[in-house]
Structures are given as C-alpha cells and as structure tokens.
Amino acid sequence: MAKVEKLLKYQAEDSKLLNIEREAANSEQWKNYSQAKSFLTKAPEKLDAMDAKALELNSILEKLTKKYEEIAETLKDFENLDELVEEGADISFYKKNATQIAERLKSIKSEINALVKTIKEADEEYKALKKKTISVQKQYAEYSAAYSEYKKVKLDEMETVKTELKKLAKDIDAEVMKRYEMKRSERIFPIICAVKNDRCSKCGMELSIVGKEKIAGGEVTECENCHRFLYKE
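Residues numbered from 1 in each chain as written. Predicted model: local features only at pLDDT ≥ 70, side-chain atom pairs only at ≥ 80, totals over all residues. Heavy atoms only, no water.

K.L.:
Just to check I follow, could you spell out the overall build of the protein chain for this structure?
P.N.:
Looking only at helices and strands, one finds six helices and four strands in the protein chain. Along the chain direction, N to C, the helices and strands of the protein chain fall in the order α-α-α-α-α-β-β-α-β-β. The C-alpha radius of gyration computed for the protein chain amounts to 37 Å, which surpasses the reference 17 Å derived for 233 residues by more than 25%, pointing to a less compact arrangement than a globule. Its C-alpha atoms put the protein chain at 120 × 50 × 25 Å along the principal axes. With 233 residues in all, the protein chain has 27% of them scored as buried. For the protein chain, long-range pairs separated by at least 24 residues make up 71% of all intrachain contacts whose partners lie at least 6 apart in sequence. Accessible surface, the protein chain: about 16,100 Å² in total, of which carbon and sulfur atoms supply 51%. Taken as two groups, the 45 positive and 45 negative side-chain charges of the protein chain have centres that lie 8 Å from each other. (Helix = DSSP H or I, 4+ residues; strand = E, 2+ residues; numbered from the N terminus. Rg over C-alpha atoms; globule rule 2.2 N^0.38 Å. Buried < 20%, exposed > 50% of the residue type's maximum accessible area, 1.4 Å probe, protein only. Contact = heavy atoms within 4.5 Å. Areas by Shrake-Rupley, 256 points an atom, 1.4 Å probe, with all protein chains shown as cover. Lys, Arg positive; Asp, Glu negative; His and termini not counted. Charge placed at Lys NZ, Arg CZ, Asp CG, Glu CD.)

Right, here's the structure in full:
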C-alpha cells in the first residue's frame with residue numbers, strides 16, 4: 001500500500017476518534033458536570049470576598065454612625081441660645097454654626113442610609129449565592145455520576161478505535177506519524193488532503209515549485225500556509 005493510501009486509511013479511522021471526542025465534549029452530561037464543577041470551584045472565593053466586603057462596609061457604617069453622634073452632640077451647645085442672646089451674644093454667628101452643623105448631619109445621614117441599603121443588597125446577594133451553592137452541590141453529585149457512566153461508554157468506543165489506529169500506524173513511517181500527531185494536537189483536521197489545480201484543497205494556497213515537483217513525483221508534501229499533508233489524487 002502506497003504511503004498516501006496508508007495515511008488516508010489512518011486518517012479515516014482517526015476521524016472516528018475525533019467525532020467521538022467532539023460528541024463527548026458537546027454532550028449534555030459533560031456540560032452539566034463541568035459547569036457545576038466550575039461554579040463550585042469559584043463559589044468559596046466569591047463567598048469569602050463577599051464576607052470581607054461585608055466586614056468593610058460594617059466598619060465604615062460604624063465610623064459614620066459614631067461621627068454622626070459626635071456632631072449631633074455639638075448641637076447641645078445651642079440649647080442655652082436664649083441666655084447667650086440675652087447676654088449680648090451675636091445670634092447670627094450661632095445661627096450660622098447651627099445651620100452648618102445641621103447640613104453636615106443631613107449629609108452624613110444620607111451617607112448612612114445609602115450604606116445601609118448597600119449592606120442590605122450585599123447581604124441578599126450573599127444569601128442567594130449561598131443558597132445556589134447548596135443547590136449546585138446536590139446537583140453536582142448527580143451530574144458527576146451521570147458523566148462517569150457516560151464517559152465509560154465513550155472511553156470504550158475510543159479504545160476500540162485507538163486499537164485499530166495502533167495497527168495502522170505500524171505500516172506508516174515513524175517520522176511521518178510524529179508529524180501527523182503534532183498536527184493533530186494543533187487541531188488541524190483533516191491532516192492530509194488532495195491538491196486541486198496545484199492548490200491546497202483546504203486553504204487554497206498554491207504550491208511552490210518544489211511542492212509541485214514533489215506532488216508530480218507522487219510524494220507527499222506540506223502546504224506552506226495551513227501545513228496540511230498534500231497529495232495528488
């Protein structure tokens with residue numbers, strides 16, 4: 001059997017393996033399992049980050065509340081305003097100070113209200129994530145079992161094809177097989193294809209003069225663009 005025919009036969013069998021791999025990668029069992037696993041892998045980090053954020057927000061709230069109380073305390077200085085006025089104090093001065101303090105208190109109160117709202121939303125988000133994590137943990141056990149069963153069937157199919165590929169590989173030059181496997185790992189498929197009008201039938205690149213000479217002599221060459229093996233039918 002000519003080198004080209006051996007490679008084509010090997011590729012035809014290899015395409016079966018590729019189809020099984022693609023089917024497994026796109027299966028509902030794999031998607032459910034991988035998505036649940038990915039979520040559970042990231043969930044602890046997210047929960048820890050939300051815990052840290054909650055501590056930070058509560059710390060800010062405590063400081064703001066304390067600040068509010070301290071400023072509110074200063075208003076007590078104006079309780080005896082009538083006496084101060086009777087003693088000849090400038091009422092406009094005290095009125096201005098009282099107004100400034102009141103505005104400052106209003107501003108801080110607004111900050112506190114906004115912060116309380118943020119803390120409440122963060123708490124709800126945390127509870128929702130915690131609830132979802134518990135739910136996904138239960139699903140993960142089911143998905144994992146389903147995927148394990150599915151994988152056993154696919155692995156058996158793959159092993160059958162791989163056994164046939166090993167037999168076919170014995171009749172192919174070791175260096176050629178090495179280059180074939182390298183291209184396979186780079187997701188190039190089909191790896192060997194025909195030349196049409198001195199061009200690669202996959203990417204359309206025209207063969208070089210050397211490539212044309214090799215093809216004319218019945219040899220296998222490589223496309224200079226997509227690096228597939230090329231042969232003349």
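K.L.:
What should I look at first to understand the environment of Leu230 in this one?
P.N.:
Mapped onto the elements of the fold, Leu230 is located in strand S4 (residues 229-231). Classification of Leu230 as buried rests on a relative accessible area of 0%. For Leu230, the contacting residues outside a window of four places in its chain are Cys193, Ala194, Val195, Cys200, Leu207, Ile215, Glu219, Val220, Thr221, Glu222 and Cys223.

K.L.:
What is the right way to look at the nonpolar core in this model?
P.N.:
Generally speaking, soluble globular proteins have nonpolar side chains that are buried together. Judged by nonpolar contacts, the single largest core of 19 residues is most densely connected at Leu7, Tyr10, Ile172, Tyr180, Ile192 and Phe229. Among the elements of the structure, helix H1 (3-25), helix H4 (91-169), helix H5 (174-185), strand S1 (192-196) and S4 are those that each provide at least two residues to this core. With five residues, H1 is the largest single contributor of residues to this core. Among all residues touching Ile172, those that are not within four sequence positions of it are Lys6, Leu7, Tyr10 and Met177. Core analysis: the second largest hydrophobic core is formed by 10 residues, Leu105, Ile112, Leu115 and Ile119 among them. (Core = buried A, V, L, I, M, F, W, Y, C linked by side-chain atoms within 4.5 Å.)

K.L.:
I would appreciate a short explanation of unusual backbone geometry in the present structure.
P.N.:
Generally, phi is negative for residues other than glycine and the peptide bonds are trans, each holding for most cases. In the segment running from Phe189 into Pro190, the intervening peptide bond is cis, with an omega of 0°. Within the secondary structure, Pro190 sits in the loop between H5 and S1. For Arg187, which is not glycine, the phi dihedral falls at a positive 65°. Along the chain, Arg187 falls in the loop between H5 and S1. Here His227, not a glycine, exhibits a phi torsion of approximately 65°, which is positive. Within the secondary structure layout, His227 lies in the loop between strand S3 (221-222) and S4. The exposure class of His227 is partly exposed, given its relative accessible area of 40%.

K.L.:
In this structure, what is going on with the packing of aromatic side chains? I would like to understand it.
P.N.:
Working definition: an aromatic ring pair is given by the centre-to-centre distance plus the angle between the planes. Inspection of every chain in the model, using the stated rule, returns five aromatic pairs. On the basis of an interplanar angle of 10° and a centroid distance of 5.0 Å, the ring pair of Tyr33 and Tyr147 is categorised as stacked. One end of the pair, Tyr33, is in helix H2 (residues 28-74); the other, Tyr147, is in helix H4, with 114 residues separating them in the sequence. Note on Tyr33: relative accessible area 13%, which makes it buried. A relative accessible area of 15% places Tyr147 in the buried class. Taken together, Trp30, Tyr33, Tyr140 and Tyr147 form an aromatic cluster joined through their ring pairs. Its end group placed over the ring of Tyr68, Lys109 keeps NZ or CZ at 5.6 Å from the ring centre. (Phe/Tyr/Trp six-rings, centres within 6.5 Å; stacked < 30°, edge-to-face > 60°. Lys NZ or Arg CZ within 6 Å of the ring centre and 35° of its normal.)

K.L.:
Sorry if this is basic, but what is going on with the pattern of salt bridges here?
P.N.:
Side chains bearing opposite charge may pair, as long as their charged atoms lie close to each other. Taken as a whole and assessed by the stated rule, the structure comprises 11 salt bridges. Arg184 is the salt-bridge partner of Asp14, the closest N and O atoms lying 2.9 Å from each other. Of this pair, Asp14 sits in helix H1 while Arg184 sits in helix H5; the two residues are 170 residues apart in sequence, bridging distant segments of the chain. Judged by relative accessible area, Arg184 falls into the buried class, the value being 13%. Taken together, the salt bridges that share partners define one network made up of Asp14, Glu21 and Arg184. (Salt bridge = Lys/Arg side-chain N within 4 Å of Asp/Glu carboxyl O.)

Geometric values such as these leave the question of function open.
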